[in-house]
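Below are the chains, spelled out letter by letter.
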Amino acid sequence: MVDPAREAALDTLIAVRERDAYANLVLPGLLRQRRISGRDAGLATELAYGSARARGLLDAVLDACVDRPLSQVDGLLLDALRLGTYQLLRTRIPVHAAVDSTVDLVRARQGSGPAGFVNAVLRRVAEQDEAAWVAQLAPDEQADPVGHLALRSAHPRWIAQAFAEALGSKGEPLAAALAADDARPAVHLTARPGEVSADELAAMTGGEPAPYSPYGVRLDAGAGDPGELDPVREKLAAVQDEGSQLCALALTRVPPTDGEGERWLDLCAGPGGKATLLGALVGLSGGTLDAVEKAPHRAELVRRATEGLPVTVHVGDGRDPGLAESSYDRVLVDAPCTGLGALRRRPEARWRRQPSDLPELTRLQRELLASALRLVRPGGVVGYVVCSPHLSETVGVVSDAVRRGLAEPLDTREFFPGVPDLGAGPHVQLWPHLHGTDGMFCALLRRP
Ligand SMILES: C[S@@+](CC[C@H](N)C(=O)[O-])C[C@H]1O[C@@H](n2cnc3c(N)ncnc32)[C@H](O)[C@@H]1O
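Residues numbered from 1 in each chain as written. Predicted model: local features only at pLDDT ≥ 70, side-chain atom pairs only at ≥ 80, totals over all residues.

Engineer: Sorry, what's going on with the overall build of the protein chain here?
Structural biologist: Regarding its fold elements, the protein chain presents 20 helices and 12 strands. Against the globule reference of 22 Å for 448 residues, the protein chain gives a C-alpha radius of gyration of 23 Å, in line with a compact fold. Expressed as lengths along the three principal axes of its C-alpha atoms, the size of the protein chain is roughly 70 × 50 × 35 Å. Out of the 448 residues belonging to the protein chain, those deemed buried represent 48%. Counting only contacts in the protein chain whose residues sit at least 6 apart along the sequence, the fraction spanning at least 24 positions is 70%. (Helix = DSSP H or I, 4+ residues; strand = E, 2+ residues; numbered from the N terminus. Rg over C-alpha atoms; globule rule 2.2 N^0.38 Å. Buried ≥ 20, exposed ≤ 12 C-beta atoms within 10 Å, placed from the backbone. Contact = placed C-beta atoms within 7 Å.)

Following this line, the structure appears as structure tokens:
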């Protein structure tokens, strides 16, 4: 007997490994196709996302329990072992159920020999709990705090190191940041300005008005597929992290805020979350938004999301979009980045990203920011935003533009009213453990 929830979780892990698929795109499709719902769907989600997220920790434990290098273990068996180990170490599922259900899955796919191997390895894993395994396998907490916390929170070391540098801490703040990044996040919605208030949207969805964004609503972490909610389907609301809302709003709050008929530009618009919020707001004061996106299919998503708003979508490269220079009042650069600030929303992303991704991304980020600073009028404002706390994508990119005399930094904290713990400025770094948002970075810059 194979348990359908666990089988869906295993097939998700296989797709992530074999096809570089995204767990949060694969699993919902499998659940629909196989008509798995309710508690079974909840279990499949917990096991698939949890195992994908914790992969490094699970592999470290498995490495200690398997008598050959993990690279020599058959891929499907390794995925099954990860699934079983996750259940043993990070859920309250009883040992016999975690082991037997995994062995059943392997027997059905590969026969009794491999099933026996998986049984033996999982019995070894089950000899200790997670804390004991971490104590055995992690670097010493005093000698190497970052390495210790990285294993304990199932993060690659380079990412834990990047968080430590952005926080200026290897202690409690880093532990809190990594722990929050490992937890399942709440879904956030934006109420479309001019259509519905956050209070009304909260009443319609059973959520709570968000603490900082006047348009935000937060739903419970386990609250089903938000795309199915009526207000989202009817375009009264969109799924959008509160941190993203705050960064887009900050750009609109720089004085003068009563400018009628302003021209705004979103230089990296796909799939259109911020463009929709900006388009709705600029429309209320008789202005317009141009939205540039390089990937045609993502530009199409922007077009659909902003239908009915005063938004013109252009397919093009933001570094040279063919739009008139010095002609915009406000420009948003929501640049492509490592996404290290949104790892909690993308289970496998932390193991897929590599430090070698950074040089190409930071070059692109610098070029996009320089382009934005040409397109904005002198005295106009550019918002540089990335969903990452990595210093080379944040402060590094902005300091370069300031040093070259292209931009003057504003105290961005002033435009995040009511948001606590914004540090020494002038830029803003949001964090899951401090703000309950993704780890968004925002720098507001004025063109001299
Ligand atoms: C972080 S996402 C933007 C998210 C978007 N602002 C939102 O809120 O929904 C970055 C986007 O930039 C696009 N992009 C990548 N390179 C680009 C370029 N050279 N010019 C314009 N857009 C680019 C990517 O395809 C991606 O859609």
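Engineer: Can you help me understand the environment of Gly84 in this one?
Structural biologist: In this fold, Gly84 is placed in helix 5 (residues 75-90). For Gly84 and Gly283, which are 199 residues apart along the polypeptide, the C-alpha to C-alpha distance reads 53 Å. With residues near it in sequence (within four places) discarded, Gly84 still touches Ala98, Val99, Thr102, Val118 and Leu122.

Engineer: What's the story with the site of the ligand in this structure? I'm lost.
Structural biologist: The environment of the ligand is made up of 18 residues, and the closest members are Cys268, Gly270, Gly273, Gly318 and Asp334. Breaking the shell around the ligand down by element, the ones donating at least two residues are helix 15 (273-284) and strand 6 (288-293). Split into classes, the residues belonging to the shell around the ligand amount to six nonpolar, five polar and seven charged. (Near = placed C-beta within 6 Å. Nonpolar A, V, L, I, M, F, W, Y, C, P; charged D, E, K, R; others polar.)

Engineer: Can you walk me through helix 12 (residues 198-205) in this structure?
Structural biologist: Side chains of residues three or four places apart in an α-helix project in the same direction, reflecting 3.6 residues per turn. Those residues of helix 12 that sit buried are Ala198, Leu201 and Thr205. Buried residues of helix 12, viewed axially, fall in a sector of 60°; they line one side. Count one or two residues on from helix 12 and you reach Gly206, which has phi positive near 75°. (Arc of directions from axis to C-beta.)

Engineer: Teacher, can you tell me more about the UniProt feature "active site" (unreviewed entry) in the protein chain here?
Structural biologist: Under the local residue numbering, the UniProt record ascribes the feature "active site" (unreviewed entry) to Cys387. Looking at the secondary structure, you find Cys387 in the loop between strand 9 (376-386) and helix 19 (395-403). Excluding residues within four positions of it along the chain, Cys387 makes contact with Cys337, Gly339, Gly341, Ala342, Asp438, Gly439 and Met440. (UniProt positions renumbered as here; feature names shortened; annotations may be inferred.)

Engineer: Please explain the UniProt feature "binding site: S-adenosyl-L-methionine" (unreviewed entry) in the protein chain as it appears in this structure.
Structural biologist: Per the UniProt annotation, the sites labelled "binding site: S-adenosyl-L-methionine" (unreviewed entry) are Cys268, Ala269, Gly270, Pro271, Gly272, Gly273, Lys274, Glu293, Asp317 and Asp334. Setting aside its immediate chain neighbours within four residues, Pro271 contacts Arg298, Leu301, Val302 and Ala305. Mapped onto the elements, Asp334 comes out in strand 8 (residues 328-334). Not counting chain neighbours up to four residues away, the residues in contact with Asp334 comprise Cys268, Lys274 and Val385.

Engineer: What is the right way to look at the pairing of strand 7 (residues 311-315) in this model?
Structural biologist: Each regular strand shows side chains that alternate between the opposite faces of the sheet. Strand direction decides the pairing type here: strand 6 and strand 7, joined by five bridges, are parallel. Note on strand 7: the bridge partner recorded for Asp290 is Thr312. Once you follow strand 6 into helix 16 (residues 296-305) and on to strand 7, the crossover reads as right-handed. (Pairing = 2+ DSSP bridges. Right-handed = clockwise from strand over helix to strand, strands pointing away.)

Engineer: Help me understand the environment of Ala150, please; the structure alone is not making it clear to me.
Structural biologist: Mapped onto the elements of the fold, Ala150 is located in helix 9 (residues 145-152). The class for Ala150 is buried, based on 25 C-beta atoms found within 10 Å. Separated by 12 residues in the primary sequence, Ala150 and Ala138 place their C-alpha atoms 8.5 Å from one another. For Ala150, the residues in contact, after removing those within four places along its chain, are His155, Pro156, Arg157 and Ala160.

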